[in-house]
Amino acid sequence: MKYRRLGKTELNVSVVGIGTWQFGGEWGMDFAQGEVDAILDKGAELGINLIDTAECYGDHLSEAFIGNYIGRRRRGDWIIATKFGHHFHERFKRTDVFSGEDVVRQLDASLKALQTDYVDLYQFHSGPDAAFDSDELWTALDKQVQAGKIRHLGTSIGSNDNLHQTAASSKVGSQAIQVVYNRLDRKPEERVFPSCLEQDLGVLARVPLASGFLSGKYKPGTEFGETDVRHRQDAGQVRQRLEEVRRIAEEEVPEGVGMAAWALAWCLRHPAVTSVIPGCKNPEQVQGNADAVKLVTKPHPQDVPDDGR
């Protein structure tokens, strides 16, 4: 595994992390604790130390799976990033909750679910600019940082071209940006990434496999079940994206290289990107994601020495 410094923080994160939206039951599969344990054990074996989750992946359900696991391991071995701003009601239904008072309650609920007394990275979760611009919110969060419940603040931008929230990060004390970035969606390269580089913000690339399309598993004509969030995407757009993936596989992916590993390494080549956080449904997918490290051969401005974890 390789590690990079996450922006101005002292966190050295694995360049491949583990995204956990799937643990909340919205990706066509319900998980049991043993399945989560196997995934995270495989990650630990491979040197992965970053877990990204959120308050609304289920009603703190993903966090609870992770907390059950972490409670039986060494907390210091993991960098846990979670988020705030939404209340989960049922599959695919949430409401925004961004007041300072409510966010502190969310934080306490997340800490309880995660079975920990601190979060390494607490991220504003895809909220509107009006909520982001609230001094009351960031004052409340800063108090939680001072209390030791939060090590670092971050922003998970909803639109991958949200320059407003990215550019204001240093002002509000946010030290990392999470953004959709993959071979099919390069929008952050235009405005968001230059701002991140200018401010020395860490960047977590979410959806780096384009909702699994860049895994190479799905062919044009694939249909997703009603419990899978991809079922909600426009069918015509899905077909178009899968056709583009087929072209990329034929023209860009070297022979003998797994497409998922190639797609993750493609993201990691950008000087702004610290880590990718793909989802995974089993230990084999964790291994396939981690194989991206073998393809990352050029120096990166955030690299840390091999023994710098």
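Further up the page is the structure itself.
Peer 1: I would appreciate a short explanation of the overall build of the protein in the present structure.
Peer 2: The secondary structure content of the protein amounts to 11 helices and 12 strands. In terms of overall dimensions, the protein is globule-like: its C-alpha atoms have a radius of gyration of 18 Å, near the 19 Å expected for 309 residues. Its C-alpha atoms put the protein at 50 × 40 × 40 Å along the principal axes. Across the 309 residues that make up the protein, the buried fraction comes to 56%. For the protein, the computed accessible surface area is about 13,100 Å², with 48% contributed by carbon and sulfur atoms. Looking at the protein, you have 37 positive and 45 negative side-chain charges, and the mean spots of the two groups are 2 Å apart.

Peer 1: I'm lost on the pattern of salt bridges in this one. Help?
Peer 2: Pairing is possible between side chains of opposite charge, provided their charged atoms come close. Overall, the coordinates contain 23 salt bridges when judged by the stated rule. A salt bridge links K83 to D52; the nearest nitrogen and oxygen atoms lie 2.7 Å apart. Of this pair, K83 sits in strand 5 (residues 79–84) while D52 sits in strand 4 (residues 50–52), and the two are 31 residues apart along the sequence. Of the residues examined, K83 reaches a relative accessible area of 0% and is grouped as buried. The partner of E243 in a salt bridge is R246, with the nearest N and O atoms 2.6 Å apart.

Peer 1: Looking at this structure, I do not really get the state of the cysteines. What am I missing?
Peer 2: Among covalent bonds in proteins, the disulfide is the one between the sulfur atoms of two cysteines. Following the criterion strictly, the structure yields zero disulfides and no others. Of the cysteine sulfurs around C196, a residue in no disulfide, the closest is that of C267, at 14 Å. Here C280 stays free of any disulfide, with the sulfur of C267 as its closest cysteine sulfur at 16 Å. Taking relative accessible area as the criterion, C280 reaches 2% and is therefore assigned buried.

Peer 1: Please clarify how the pairing of strand 8 (residues 119–125) should be interpreted in this entry.
Peer 2: In summary, the side chains of a regular strand alternate between the two faces of the sheet. Among the seven residues of strand 8, seven are classified as buried, and the element is accordingly described as predominantly covered. As paired strands, strand 8 and strand 9 (residues 150–156) are joined by six bridges and run parallel to one another. Counted as the bridge partner of H125 is S156 from strand 9.

Peer 1: I'm lost on the nonpolar core in this one. Help?
Peer 2: One recurring pattern in soluble globular proteins is that nonpolar side chains are buried together. In terms of nonpolar packing, the biggest core is built from 73 residues, with Y122 and L141 touching the most fellow members. Among the elements that make up this core, the one with the highest residue count is helix 10 (residues 259–268) (10 residues). For L141, the contacting residues outside a window of four places in its chain are F84, V103, Y122, I150 and L153. Core analysis: the next-biggest nonpolar cluster, separate from the first, contains 10 residues, L11, L50, L204 and I277 among them.

Peer 1: Explain the sheet that holds strand 5 here, please?
Peer 2: Think of a sheet as strands paired side by side through backbone hydrogen bonds, with each pair either parallel or antiparallel. Taken in spatial order, the eight strands of this open sheet run 3-4-5-8-9-10-11-12, and their pairing is parallel. A strand with exactly one partner marks an edge of an open sheet, and here the two such strands are strand 3 (18–19) and strand 12 (275–276). Across the sheet, helix 5 (residues 135–146) lies against strand 5, strand 8, strand 9 and strand 10 (174–180), angled at about 150 degrees from strand 9, the strand it touches most.

Peer 1: Just to check I follow, could you spell out unusual backbone geometry for this structure?
Peer 2: For Q115, which is not a glycine, the phi torsion comes out positive at approximately 55 degrees. Positionally, Q115 belongs in the loop between helix 3 (100–114) and strand 8. Residue class for Q115 comes out partly exposed when judged on its relative accessible area of 48%. For V207, which is not glycine, the phi torsion reads 50 degrees and is therefore positive. Structurally, V207 is set in the loop between strand 11 (202–206) and helix 9 (235–251).

Peer 1: Help me understand the packing of aromatic side chains, please; the structure alone is not making it clear to me.
Peer 2: The geometry of an aromatic ring pair is captured by two quantities: the separation of the ring centres and the angle between the planes. Scanning the entire structure with this criterion turns up 13 aromatic pairs. Taken together, a centroid distance of 5.4 Å and an interplanar angle of 70 degrees make the contact between F132 and W138 edge-to-face. The two residues F132 and W138 agree in class, both being buried. Measuring from ring centre to ring centre gives 5.3 Å for Y181 and W266, while their planes differ by 35 degrees; the resulting arrangement is tilted. Separated by 85 residues along the polypeptide, Y181 in the loop between strand 10 and helix 8 (192–199) and W266 in helix 10 bring together distant segments of the chain. Judged by its relative accessible area of 11%, W266 falls in the buried class.

Cut-offs used in this document
Residues numbered from 1 in each chain as written. Predicted model: local features only at pLDDT ≥ 70, side-chain atom pairs only at ≥ 80, totals over all residues. Heavy atoms only, no water. Helix = DSSP H or I, 4+ residues; strand = E, 2+ residues; numbered from the N terminus. Rg over C-alpha atoms; globule rule 2.2 N^0.38 Å. Buried < 20%, exposed > 50% of the residue type's maximum accessible area, 1.4 Å probe, protein only. Areas by Shrake-Rupley, 256 points an atom, 1.4 Å probe, with all protein chains shown as cover. Lys, Arg positive; Asp, Glu negative; His and termini not counted. Charge placed at Lys NZ, Arg CZ, Asp CG, Glu CD. Salt bridge = Lys/Arg side-chain N within 4 Å of Asp/Glu carboxyl O. Disulfide = S-S within 2.5 Å. Pairing = 2+ DSSP bridges. Core = buried A, V, L, I, M, F, W, Y, C linked by side-chain atoms within 4.5 Å. Contact = heavy atoms within 4.5 Å. Axes fitted to C-alpha atoms, helices over the stretch in contact; angles between N-to-C directions. Phe/Tyr/Trp six-rings, centres within 6.5 Å; stacked < 30°, edge-to-face > 60°.

Read these as geometric descriptors, not functional statements.
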